[in-house]
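Structural characterization, general
Given next are the chains, with one letter for each unit.
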Amino acid sequence: MPNWSQVLDELRDEEAKRANSEKSTLDIVRRRHLKALSDYSNRNVIAYYSGWLSKPYSFGMEIQDEDRNAFMMAVHQLDRTKGLDLVLHTPGGDIAAAESLVHYLRQMFGNDIRAIVPQIAMSAGTMIACSCKSIVMAKHSNLGPIDPQVAGIPAAAVKEEFEEAIRQINQDQSRLAGWQFILNKYTPTYLAKCENAVKWSKEFVERELLANMLQGQENASEIASKIVERLTDFTGNKSHSRHIHFDECQEIGLTVEYLENDTDLQDLVLTVHHCFMHSLANAPVIKIVENQKGIAFIKSAA
């Protein structure tokens, strides 16, 4: 398997061979390996990569409605009977955009969508992965909690804090003065927004789990509820950025597959991952959505 350094060597060799070519070496090598992955699986492959790890202060790397146009372009002219392997590397983003994207992909490929997480798919990225029939993860891969953020603040934490304030004030009216400083910062309808966001997140993921990954399983509703409660448990997870690895994903009931169980697939997936990471690190690019035919939406850094 070509590792990160060996992929870099391949890029340099390709650059030397194509010194007078206008084609991007990064694109050539990345697309070569993306096609190899599709050829091996005999499935469509669409990679969704965000550059937040290499360009953490850039704008527009999150999951957003613009991505639907990118996926429409990537899906066009694919043989949809082959299903879809969706390679995800994202910090997350907007719930509404994620929900709409899942709906679109379901319309195109039905339930025959498999998520592949070579490294990280957090928040709304985890929501998208949960909508698939299975999730392929490596030993180093992780998903993340799906408790929603409202204006950058965990909605569940706001709800818990408000409920704790009410509890303490009802027990002892003298505590009102201390809590007023915090509660006065809440704008009108802010608490309702937080409550609705938490409810929306839970309902969306539970519905998608039952519609695909858990469809036909015994006690599917109980398993879906357990998964959702664990992924939205702000108190238990401690942080929205907590990394949830394979063993825990399996323990809570998600259908996950070890990437390492198929060494050929492992080699192909991780090589693709290294190619995308080189592209995001060494070009003025913050997001790439690309299929095995080389059809790509590439978003430049602002």
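Going by the structure above, here's the rest.
Figured I'd write up the structure that's included with this text. These numbers were taken from a predicted model, which means no experiment stands behind them.

Moving on, we come to helix 8 (residues 190-211). Here helix 8 spans 32 Å end to end across 22 residues, near enough to the 32 Å set by a 1.5 Å rise per residue. Within helix 8, the full set of buried residues consists of Tyr190, Leu191, Cys194, Ala197, Val198, Ser201, Phe204, Val205, Glu208 and Leu209. Buried residues in helix 8 make contact with helix 4 (95-109), helix 5 (124-130), strand 7 (149-150), strand 8 (153-154), helix 6 (155-171) and helix 9 (220-231).

Relative to the helices and strands, phenylalanine 162 resides in helix 6. According to the relative accessible area criterion, phenylalanine 162 is partly exposed, its value standing at 26%. Taking the C-alpha atoms as reference points, phenylalanine 162 and leucine 191, separated by 29 residues in sequence, lie 8.2 Å from one another. If near-sequence neighbours (up to four positions away) are discounted, phenylalanine 162 is found in contact with Leu183, Tyr186 and Leu191.

So, about empty space enclosed by the protein. In this structure the tally under the stated criterion is two cavities of 30 Å³ or more. The volume enclosed by the largest cavity comes to roughly 40 Å³. Together, Leu86, Val102, Leu105, Arg106, Ile113, Ile128, Ser131 and Cys132 line the largest cavity. With three residues, helix 4 is the single largest residue contributor to the lining of the largest cavity. A per-class count over the lining of the largest cavity returns six nonpolar, one polar and one charged. Estimates place the volume of the second largest cavity at around 30 Å³. Around the second largest cavity sit Ile63, Gln64, Asp65, Asp67, Arg68, Ala97, Ser100 and Leu101, which together line it. Taken together, the elements giving at least two residues each to the lining of the second largest cavity come down to helix 3 (66-75) and helix 4. For the lining of the second largest cavity, the element with the highest residue contribution is helix 4, accounting for three residues.

So, on to the packing of helix 6 against helix 7 (residues 176-183). How two helices sit against one another is set out by the angle between their axes and by the gap between those axes. Packing of helix 6 against helix 7 leaves a shortest axis separation of 10 Å and a crossing angle of 160 degrees. The orientation of helix 6 with respect to helix 7, classified from their angle, is roughly antiparallel. Helix 7 is crossed by helix 6, and the crossing has left-handed handedness. Between helix 6, through Glu161, Phe162, Glu164, Ala165, Gln168 and Ile169, and helix 7, the contact on the second element is made entirely by Leu176, Trp179, Ile182 and Leu183.

Structurally, arginine 106 is set in helix 4. In this view, arginine 106 contacts Asn111, Ile113, Ser131, Glu208, Ala211 and Asn212; residues no more than four positions away in its chain are not counted.

You can see threonine 126 is positioned in helix 5. Of the polar contacts made by the side chain of threonine 126, one reaches the backbone nitrogen of glycine 144; its length is 2.9 Å. Residues in contact with threonine 126, not counting those within four places in the same chain, are Ala121, Leu143, Gly144, Ile146 and Leu231.

With that settled, the discussion passes to the layout of surface pockets. By volume, the largest pocket amounts to about 270 Å³. What lines the largest pocket is a set of 18 residues, and nearest its centre among them are Gly93, Asp94, Ile95, Pro148 and Gln149. For the lining of the largest pocket, the class distribution of residues is 10 nonpolar, five polar and three charged.

The next point concerns the state of the cysteines. Overall, the coordinates contain zero disulfides when judged by the stated rule. Summary of cysteine pairing: cysteine 132 is not part of a disulfide, and the nearest cysteine sulfur, belonging to cysteine 130, is at 8.7 Å. With relative accessibility at 1%, the residue cysteine 132 sits in the buried group.

Basis of the calculations
Residues numbered from 1 in each chain as written. Predicted model: local features only at pLDDT ≥ 70, side-chain atom pairs only at ≥ 80, totals over all residues. Heavy atoms only, no water. Helix = DSSP H or I, 4+ residues; strand = E, 2+ residues; numbered from the N terminus. Expected span 1.5 Å × (residues − 1). Buried < 20%, exposed > 50% of the residue type's maximum accessible area, 1.4 Å probe, protein only. Contact = heavy atoms within 4.5 Å. 1 Å grid on protein atoms, 1.4 Å probe; cavity = no way out; pocket = protein on both sides within 12 Å on 5 of 7 lines; lining within 4 Å. Points joined across faces, edges and corners; volume = space filled by probe spheres on them. Nonpolar A, V, L, I, M, F, W, Y, C, P; charged D, E, K, R; others polar. Axes fitted to C-alpha atoms, helices over the stretch in contact; angles between N-to-C directions. Parallel < 35°, antiparallel > 145°, perpendicular 65-115°, else oblique. Left-handed = near helix turned anticlockwise from the far one by under 90°. Polar contact = N/O pair within 3.5 Å; in protein donor to acceptor, adjacent residues only side chain to side chain. Disulfide = S-S within 2.5 Å.

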